[in-house]
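# Inside the fold
Below are the chains, spelled out letter by letter.
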Amino acid sequence: QVQLVESGGGLVQAGDSLRLSCAASGRTFSSYAMGWFRQAPGKEREFVAAISWSVGITYYAASVKGRFTISRDNAKNTVYLQMNSLIPEDTAVYYCVARAPTSSTTIATMWRDWGQGTQVTVSS
């Protein structure tokens, strides 16, 4: 099993930036895909971004492409989500995820490991 701990959430204004971090432990970090999902109040969890384990191929939801950047540091067992130009619609609990059949998987139930989540609130 992989343990995931997110950090970096908070309250910001529209147009601001935040960087989320996710520290992983329990298995060889560089051997599995990582990603981020989010869940807004009253909505289902939705895919945000993912990165492959090997060459770092990235995938993004259309709603965040061009504003968010996912990256990983295998030496630190950490994955990041840089969020720029935040809008109120980005308000949600953000979850770090690990291990899916393919790194492009956007289905929440296909990701095996989940962090506890970190709240991001964007005020208008």
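Before reading further, recall that the structure is shown in the block above.
In this report, the structure presented in the accompanying data block is examined. Quick caveat, the model's predicted, so the values are computed rather than measured.

So, on to the sheet that holds strand β3 (residues 18-25). Each strand in a sheet pairs with its neighbour through backbone hydrogen bonds, running either in the same direction (parallel) or in the opposite one (antiparallel). Taken together, the 4 strands give an open sheet; going across it, the order is β1-β3-β8-β7, and neighbouring strands pair in antiparallel fashion. Here the strands that pair on one side only, and so sit at the sheet edges, are β1 (3-7) and β7 (68-73). Across the sheet, the mean angle separating the axes of adjacent strands is 15° when strand polarity is ignored. Of the pairings in the sheet, the one linking β1 to β3 comprises 5 bridges and is antiparallel in character. The residue of β3 that forms the bridge with Glu 6 is Cys 22.

Mapped onto the elements, Ser 124 comes out in the segment after β11 (118-123). Along the backbone, Ser 124 and Lys 65 are 59 residues apart, and their C-alpha atoms lie at a distance of 20 Å. Residues within four places of Ser 124 in sequence aside, it is in contact with Ala 14 and Pro 88.

Reading guide: rules and limits
- Residues numbered from 1 in each chain as written.
- Predicted model: local features only at pLDDT ≥ 70, side-chain atom pairs only at ≥ 80, totals over all residues.
- Heavy atoms only, no water.
- Pairing = 2+ DSSP bridges.
- Helix = DSSP H or I, 4+ residues; strand = E, 2+ residues; numbered from the N terminus.
- Axes fitted to C-alpha atoms, helices over the stretch in contact; angles between N-to-C directions.
- Contact = heavy atoms within 4.5 Å.

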